[in-house]
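# Architecture and fold: a report
So the chains spell out like this:
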Amino acid sequence: MSWAPIRRHVARLGGTWALVLASAHAFAQEPQKDEPPPSQGGSSVPRGASGAVLVPKDDPNAPPPKPIQVVVTPPVLTRDDGAAYPAEMLANAPRETAKVSLLLVVDAAGKVTRADVEKGSGFEPFDRAAVEAAKRLVFEPAKRGGTPVAAKVRHTYEFAPPKSRILGKVFDGTSRTRPLAQATVTLRAADGSERKVASGADGTFRIDDIAPGKYKLVIAADGHETQEYDEDIEPGTERDMRIDQKRIGEVKTPGVVEGPVLEVTVKGEKPPREVTKRTLEQREMNRIPGTNGDALRSLQNLPGVARPPGLIGLLIVRGSAPQDTNVFVDGALIPLVYHFGGLSSVVPTEILEKIDFYPGNFSAQYGRVMGGIVDVGVRDPKKDGKFHGMAQVDLIDARFLAEGPVFNTGWNFALAGRRSYVDVWLKPVLTASGAGVSTAPVYYDYQAILARDISKNQSFRLFFFGSDDRLDILIKSVNASEPGLAGGISAHTGFWRLQGRYKNKFTDETELKIMGAVGQDFLDFTVGDNFFKLTTEVITSRVELSQKVAPGLIFNTGLDVLYSPYRVDVRLPPPPRPGEPPPGPILSRPPLTVGDTDAIYRPAMFSELEIVPWKGGRLVPGLRVDYAKDTRSWDINPRANARQDLTTAPRTTLKGGVGIYSQPPQPQETNPVFGKIGLVSNRAIHYGLGVEREVNRNIEVGLEGFYKQLDHLVTPTAGNIGTGRAFGLETLLRYKPDERFFGWLAYTLSRSVRRDSPGEPERLARFDQTHILTVLGSYRLGKGWELGARFRLVSGSLYTPNTYGFYDENAGVNLPLQQYPLFGSRLPVFHQLDIRVDKSWKFKEWRLSAYLDVQNAYNQGNVEGVSYNYNFTRSTYAQGLPILPSLGLRGEL
Amino acid sequence: MRRLVQRFVACAALVGIAAACVADFDPQSKIGSVRILASRADKPYAKPGEAVHLEVLAVDGRTDKTRPMKMFWLPFVCENPRNDAYYACFAPPSRDAGAGDADAGGAGAVLGLLRPGVDLTPFLKTGPAYDITMPKDAVTSHAHVDGVDGPYGLALVFNVACAGHLEIVAADPSTGVQQVPIACFDEEENQVDPSQYVIGFTRVYAYDDRLNQNPVIDHLTFEGNPVDLAHGIDVDHCTTALRRDCPEKKIDIAVPDTSWELNPSDKDTNGTVRHEQVWASYFSSVGQLEGDARLLYDPAQGKVDGSEVKYQPPNEIGDGTLWIVVHDNRGGANWVEVPLHVH
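Residues numbered from 1 in each chain as written. Chains lettered and ligands numbered in written order. Predicted model: local features only at pLDDT ≥ 70, side-chain atom pairs only at ≥ 80, totals over all residues.

Here we come to the overall build of chain A. Within chain A, the secondary structure is distributed over seven helices and 49 strands. Relative to its 893 residues, chain A shows a buried fraction of 45%. Across chain A, contacts joining residues at least 24 apart in sequence account for 65% of those joining residues at least 6 apart. (Helix = DSSP H or I, 4+ residues; strand = E, 2+ residues; numbered from the N terminus. Buried ≥ 20, exposed ≤ 12 C-beta atoms within 10 Å, placed from the backbone. Contact = placed C-beta atoms within 7 Å.)

What follows is the structure, encoded as C-alpha cells:
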C-alpha cells in the first residue's frame, strides 16, 4: 500500500531574527572551513540586533573594517520540500505527533551546510527525517550591510501522522460480481460536515485525507437501499471495503453478505503475548530452498529447531523430544505433521496464511506439552468474486487448488488435494528387490474450506481436512539382524478433521473466538506377527474471549477441551528397561497383547492479562489449569511473560518469561501392560530472557537465552522419576520479505540432558544438537526469476556405537554390545547447501511457474548413521541423500 | 500415542536409510571364521522338570586351524533373568530383590566373583551337545508379566565356540549392563579376535500346557532337483572374471505345511489364532549366496512363493559345505549340512 505522506512542518524563523541564535557567538569566533577567519585587531565582533553573529565575505586584502553600524538581515527561507512522516514510525509506533528542533548553519550561498538536532523528539526516525529534510532547505543568505554572510538559525519540524483514507468497491446487489457505478459515497463527520464521492465505472471509490475521528459512511444509489456504517477512523490508517448495495425489493437471501466484508486496517502489530513468536509468511514458506516449498519443513530452519536425522520428519524444539511439541491447524491439534519420510507436511502451503511458532514460554492458551507450539494459520478463500485455481506437479506429488464464490450466497470455497506418486517408481524397485508389494508407499491429503463473513465483525468458517499414508508389502528376504522384520509389513497412518470456527468482534473492546473440531486418527502397522492398531475419535473445542477492561488492560480467558475415545489393539514385544538395550530381537520374548477401549478426556481453562503499565512495557501474567482423566490429576500452570521497549525507533525490546508447562503421559505410558499406572504429568519450567531489535522495517535481530528445567519425567515402566535440563542461546538476524529479498541467519547453541532415574548418570538427550547454523536467502532477480540458497551447518546426530557381543542361537542373529550410555557418541558434522531457482511467466489470465530445488548441491556425503556387518566387527558410516534435484511446475489462475 | 507414531516413522526411515546405504561387507552367509550357526533343543517348549537335550551347530571356517575350535558350555542354567534379558544372567543381584523379581541377579553373576585371568576351561563341558533339566519352578518363579498370554518360564544356556581357552575377564564399564565376564585366549594369554570365538546362548521356554516342535525339513532342491543330502551338490565352478557374471543356481528348502504350527499366543484383532513364522538361513563355505535368509511361512499370509536363494559357485575348484538352518519364531530350529562339490 502506498501512502501519500502528509507533510507538515513549520519553519519558525521568529519574525525576522527572533530565533537567530545568541549562542552563535562561539561559531562566529571559530574559523570556518570555507571562510577566512574574522579579522583581528581588537574590533568587536559585529552582531545583529538579535545578537546573531554575522560573518561577512571579507576581502583578505582589504584593510580592517571600521566599526560602523551594520544593517543585518536574516536568512530567508525560499524553498522547503517538507519532511515526510517516517515510514518506520508509521509501521511500528502509535503514530504520535513529534517535534524536532534543529540548529542549521546556512552558508553565504544560502545552503544548509550543517544541521544538528538541538532538541530531539525522542524518536530517532523523526530526528533523522528532520535532519535530512533540513539539508534540502534553500535560504536567501543572511546579509550584513548587503553582503551575504553565513549564519546559524534554528528551524523546527513538526510531524503529524498522515491522515487516513477509505477506499472500496460497491457491488450491485449481493452478486459480488457486478460493480455498481455512480453510487454516492458520503463521509459525514461528527460535526455534520460531509465529503462526497461517486463510485467509478468499476464500482471503486476513494476518499483521502481523512482526519481521525468518528464518521458515518453512507452509500446511496438509485434503485438501491441506502446503507450506513459507523466508522472510527484511526490516524494513518487505510480501510479497504467491499460493499454489497442491495437493490430495493431484493429479498435477503440467507447467508448473503451485507455490508463491508473485508476491512484492512494498517497499523502496527500488537506485541505477542509470548516471549518469542516467530512467524513465517507465505513467501518464505514457498521459497526456502531445500524444502520443495513445503511450509512445515521450512520451520526446521528457525532458531531452536534441530535438524531431524536422516529422512525422519520430526520437529525437535529446544532439546525437547518430538512428542513434546504440538502442531495445531487453526487451533485444532493434529497427530501428524509430515507424510512418510518427512518428504512433505500434511497441510499444503497453498492454503496457509502463516505459521506461528513458539519455541518456548508460550501463552496460557496453549498447554499439554512442554516443548514448543506450532500454530498453522489457514487462509480464507479468496473473496474477489472470481474463481481461481492452481495445479502443481513435481517429482514427488501432484496437487491442485480451486477457490471462489459459491454462487451468490456470500460464501466462498476452497478445495485442495495432493497425492504422491512415489509408489509409481518405488513399487518396481521393491518388486525387483524381491519384495511382494500390494501397496507401495503412497500418501495423500485433502482440504475443503467454506467461509463466510457474516458481517463486518463476524465470520464463520468450516474446514475439512485430512491426511492418509499407507504401504503394504511382503518382505521375503529375512533381515540378518532382525528376523521379525520380515513377512507382511503394512502401515496406515492418517487423520481427518471437520472444524468450525466463529469469530465475532462485538466491539473494539470485546472479541470472541470459538473453534470446534471432530475427527478421527488412525495408526495401524503390522510387522510379521506384531501389530499396533489404534483408532481414535477426536473432539476438540477451544473458546477464547478477549475483553479490554481498561486502557492498557486486556483480559483473555478461555476453555480448551480434548475428548478422545479410542480403541487400541496391540501385539508387540515388551519394551526394554529404561537405559538398557533390548534383550534380543523382537521375536525373542513372548509378546504383550492388549485390546482396550477407553477415552482421553482433558479439559482445561486459561486466563491471561495483557497489561501495558507504562509506555513500551507489557506484562502478561497467565494461569492455565488442566485436568487429565487418564491420570486423574490436575495441573496448575502459572506463567508470566514481560516485554519492555528500550528504544522505540528503531525498536529495541527486552523480553523475558517464566512459566510451568505440564505434559500428561502418553497413553501407552499409563497402560498397565506397556507402561505404569499412577503416573502424573511431566513438568517443565521454562525460563527465557532475550532482546530483539528492529533495525529498520526489514531487518530485525534477536538474541535469546533459554533454560528448561525438567522434572517428573516419565521413565517408561518405572514412573515419574526422570529429570533433565535443556538450555541454550538462539540468535536470529532476519531480513523480512520485501519486493526483492528475504533471508535470515539463525544460530542455536544448546545442550539437552536427561537423567532417567535419581541414581543414574546424566546423559545427552536423544536429539541433542550443540550447534545449528542456518543461513538462507532468496532474491528476485527480475523478469520472473528468483534465486535462493540455504546453507546448514549442524552438529552430528547422536548414536550408540556397537561392538562384537553375543550370538542369539534361537533367532540366528548376532547381538551387539551397546556402548553405555545409549546415544553417547556423535556423528560427524552435517553441512549442506541447497539451491532453488524459480521462474514465472505471466499471461493474460494465468501464471505459470517452474522451480528447480537442488538439495545437497555440492553432493556432500553427510553421515546419517552407522552401518555394521552381521557381527558388528566392521562398521562404516551410512550416508544420507546425495545431490537431489527436484523439478516442479505450477499453473495458477 | 504420538510417541509411538513418531517412533514408527523414525524406524521406517532408518530402515530406509539402512537399506539404501548397505555397505559392502561380507554377508552373514559366508563362513570364513569360527561360527555358531544355530542351536536346537529337542523340546523348544519344555515343561517344568523335563530334561532337555541341546545341540549346537558350530563350524570352523578358518583357513588356519592350528588352534582347534572347541565348543564349551557354561555350567549353569540361567533361570528367569530380570526382564528375560540374557545379559542379566551375569548381573549381580540388586539389594532386596528376590528370585523372580525384576531385579533378581543371574546365575552367571557368580563368574563376576572370580578373579580375572582364571582359566575356566578345566571346569567346562565340551562338545556339540548339552543336557539340562528345566527347573521345576521355572514357571512359578517367573515374575508375572501383564499382557502375556499365559504364564511361562525361561531357561538360558550359554556356550562358547573358542579356538583357545576361556578365562574370566574384568567388567567393561563402557558396555553398561551388557557385561561379558569371559573371553577366549590363546596359549600366549592374548585375547583372540572375534574371528576365533563366539559366545552364544540358547533360550528354552517353559510352559505348563504348551508345546512347540522343531520345524521339519522335507528335502532340499538344487536347480529344482532334489538333493541327496549324503552326497551333496555338484556344481561347476565359475569361469567368469566378474562375480556378477557368474551363473546363479537356485537352492530351495522344503518345509511341509504340517510343520507350520499354530501359535496359540498369536491372535489377530478378531481373536483368530495365527501360525508361526518360519524362515531359513543359508550359509556356505565356498561360493556366494544372495541374501542371508528367506521367509518360508508368514503368520498371516502363509507359505511364501519364491523362497529360493541364488547361489554363485566360486572360481576355484574344490569342496565346501552348505548349511541351511530353519527357524520358527518360537525357538524351534532344525538344520541340514550338505557337501558342495565344485567341479
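Turning our eyes to something else, we now look at the overall build of chain B. When its secondary structure is counted, chain B shows one helix and 24 strands. Look at the contacts in chain B between residues 6 or more apart in sequence, and 68% of them connect residues 24 or more apart.

A few words on the sheet that holds strand 13 (residues 213–220) of chain A. All names here are of chain A. Strand order in the open sheet made by the four strands is 11-10-13-14, with antiparallel pairing throughout. The strands lining the two open edges of the sheet, one partner per strand, are strand 11 (194–198) and strand 14 (227–233). Across the sheet, the mean angle separating the axes of adjacent strands is 20° when strand polarity is ignored. Bridge analysis of strand 13 against strand 14 gives seven bridges, and the strand direction is antiparallel. The residue bridging Val218 from the neighbouring strand is Glu228, located in strand 14. (Pairing = 2+ DSSP bridges. Axes fitted to C-alpha atoms, helices over the stretch in contact; angles between N-to-C directions.)

On to unusual backbone geometry. Each neighbour pair has its own omega, and for Tyr820(A) with Pro821(A) the value is -5°, a cis peptide bond. When you line up the elements, Pro821(A) lands in the loop between strand 43 (813–818) and strand 44 (825–826). With phi around 60°, Asn83(B) is a residue other than glycine that occupies positive phi space. Here Asn83(B) is to be found in the loop between strand 5 (78–79) and strand 6 (125–126). What makes Asn83(B) buried here is the crowd of 20 C-beta atoms within 10 Å.

On to the nonpolar core, then. With 170 residues, the main nonpolar core has Val160(B), Ala161(B), Ala206(B) and Ile324(B) as its most contacted residues. Here this core takes eight residues from strand 8 (residues 153–162) of chain B, the largest share from any one element. Setting aside its immediate chain neighbours within four residues, Ile324(B) contacts Leu220(B), Ile253(B), Ala280(B), Tyr282(B), Trp335(B) and Val336(B). Residues Ala98(A), Val106(A), Ala130(A) and Ala150(A) belong to the second largest nonpolar core, which totals 26 residues. (Core = buried A, V, L, I, M, F, W, Y, C linked by C-beta atoms within 7 Å.)

All names here are of chain A. Sheet architecture is open: five strands sit in the order 16-19-20-17-18, paired in mixed fashion. A single partner strand is all that each edge strand has here, and the edge strands are strand 16 (278–281) and strand 18 (332–333). As paired strands, strand 16 and strand 19 (residues 352–358) are joined by four bridges and run antiparallel to one another. Across the sheet, Leu280 pairs through a bridge with Ile355, a residue of strand 19.

As a further point, take the interface of chain A and chain B. Between chain A and chain B, the residue contacts involve 72 residues of the former and 72 residues of the latter. With five residues, the single largest contributor to the side of chain A that touches chain B is strand 42 (residues 802–808) of chain A. The residue inventory of the side of chain A that touches chain B, partitioned by class, reads 34 nonpolar, 27 polar and eleven charged. (Nonpolar A, V, L, I, M, F, W, Y, C, P; charged D, E, K, R; others polar.)

Right, let's talk about the confidence of the model for chain B for a bit. All names here are of chain B. With 89% of its residues at a pLDDT of 70 or more, chain B shows a mean pLDDT of 86. Across residues 1–22 the pLDDT falls below 50, and counting only partners more than four positions away or on other chains, this stretch makes 43 contacts in the model. Scored below 50 in pLDDT, residues 95–104 shows 17 contacts in the model against residues more than four places distant or in partner chains. Complex prediction metrics read pTM 0.74 and ipTM 0.92. (pLDDT = per-residue confidence, 0-100.)

What follows concerns the pairing of strand 30 (residues 592–611) of chain A. Residue and element names in this part refer to chain A. Relative to strand 30, strand 29 (residues 553–572) runs antiparallel, the two being bridged by 20 bridges. Directly across from Arg567, in strand 30, lies its bridge partner Thr597. Pairing between strand 30 and strand 31 (residues 617–628): six bridges, direction antiparallel. Of the residues in strand 31, the one forming a bridge with Phe606 is Arg624.

This paragraph deals with the environment of Trp279(B). Residue position: Trp279(B) is located in strand 18 (residues 278–284). For Trp279(B) and Leu295(B), which are 16 residues apart along the polypeptide, the C-alpha to C-alpha distance reads 4.3 Å. Setting aside residues no more than four positions away along its own chain, Trp279(B) makes contact with Val478(A), Pro483(A), Ala486(A), Ala293(B), Arg294(B), Leu295(B), Leu296(B) and His327(B).

The next thing to look at is the environment of Gly417(A). All names here are of chain A. Inspection of the secondary structure assignment puts Gly417 in strand 23 (residues 411–420). Taking C-alpha positions, Gly417 is 19 Å from Gln520, a pair spaced 103 residues apart along the chain. Those residues in contact with Gly417 that lie beyond four places of it in its chain are Arg399, Phe400, Tyr444 and Tyr446.

On to the environment of Ile600(A). All names here are of chain A. Note on placement: Ile600 falls in strand 30. Distance from Ile600 to Phe531, taken between C-alpha atoms, is 22 Å for residues 69 residues apart in sequence. Excluding its chain neighbours within four sequence positions, the residues that come into contact with Ile600 are Leu562, Ser564, Tyr566, Lys629, Asp630 and Pro667.

This part takes up the confidence of the model for chain A. Residue and element names in this part refer to chain A. Taken as a whole, chain A shows an average pLDDT of 83; of its residues, 87% reach a score of 70 or greater. Mean pLDDT across the secondary structure elements of chain A bottoms out at helix 1 (residues 24–29), with 33, and peaks at strand 40 (residues 785–794), with 96. Contacts of residues 1–60 to residues separated by more than four positions or lying in other chains number 105 contacts, the stretch itself having pLDDT below 50. Ignoring residues within four places in sequence, the model shows residues 251–268, a span with pLDDT below 50, making 51 contacts including any to other chains.

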